[in-house]
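# A closer look at the structure
Listed here are the chains, written in short residue letters.
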Amino acid sequence: MPKLKTNRGAAKRFKRTASGRFKHRQAYKSHILTKKSAKRKRQLCGLLIIDSSDQRAITKLMPYS
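Summary of the structure given here. (Residues numbered from 1 in each chain as written. Predicted model: local features only at pLDDT ≥ 70, side-chain atom pairs only at ≥ 80, totals over all residues. Heavy atoms only, no water.)

On to unusual backbone geometry, then. Here Tyr28, not a glycine, exhibits a phi torsion of approximately 70°, which is positive. Among the secondary structure elements, Tyr28 is positioned in the loop between strand E2 (22-25) and helix H2 (38-43). Tyr28 gets classed as exposed once you look at its relative accessible area, which sits at 64%. Despite not being glycine, Ile32 shows a phi value in the positive range, around 55°. Ile32 gets classed as partly exposed once you look at its relative accessible area, which sits at 46%. (Helix = DSSP H or I, 4+ residues; strand = E, 2+ residues; numbered from the N terminus. Buried < 20%, exposed > 50% of the residue type's maximum accessible area, 1.4 Å probe, protein only.)

Attention shifts here to the nonpolar core. In this structure, Ala10, Phe14, Phe22, Ile50, Ile58 and Met62 together form the largest nonpolar core, which totals 6 residues. Discounting chain neighbours no more than four positions away, the residues touching Ala10 are Leu61 and Met62. (Core = buried A, V, L, I, M, F, W, Y, C linked by side-chain atoms within 4.5 Å. Contact = heavy atoms within 4.5 Å.)

The 3 strands are arranged E1-E2-E3 in an open sheet whose pairing can be described as antiparallel. The open sheet is flanked by strand E1 (14-16) and strand E3 (47-49), the only strands paired with a single partner. Strand-to-strand twist in this sheet, taken as the mean axis angle between neighbours without regard to direction, amounts to 35°. Across 3 bridges, E2 lies against E3 in antiparallel orientation. Paired with Arg25 across the bridge in E3 is Leu47. (Pairing = 2+ DSSP bridges. Axes fitted to C-alpha atoms, helices over the stretch in contact; angles between N-to-C directions.)

So, on to the side chain of Gln26. Its location among the elements puts Gln26 in the loop between E2 and H2. Of note is the side chain of Gln26, whose polar atom sits 3.3 Å from the backbone oxygen of Gln43. Apart from the residues lying within four places of it in its own chain, the contact partners of Gln26 are Gln43, Leu44, Cys45, Gly46 and Leu48. (Polar contact = N/O pair within 3.5 Å; in protein donor to acceptor, adjacent residues only side chain to side chain.)

Structural data, given as structure tokens:
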């Protein structure tokens, strides 16, 4: 059976944690920041863990990461 290719778009957006789950950046932090409050921008910082319902789909996109 041939090797599976990693989806390059997914590889740029998700990173695998040590426990095998995936983390990702939050949305709405890239532009039009002037109208957003400092609290809202601050809370958009950091990474989130992918929901368990999406875990299987991300694993298929990134089989070797």
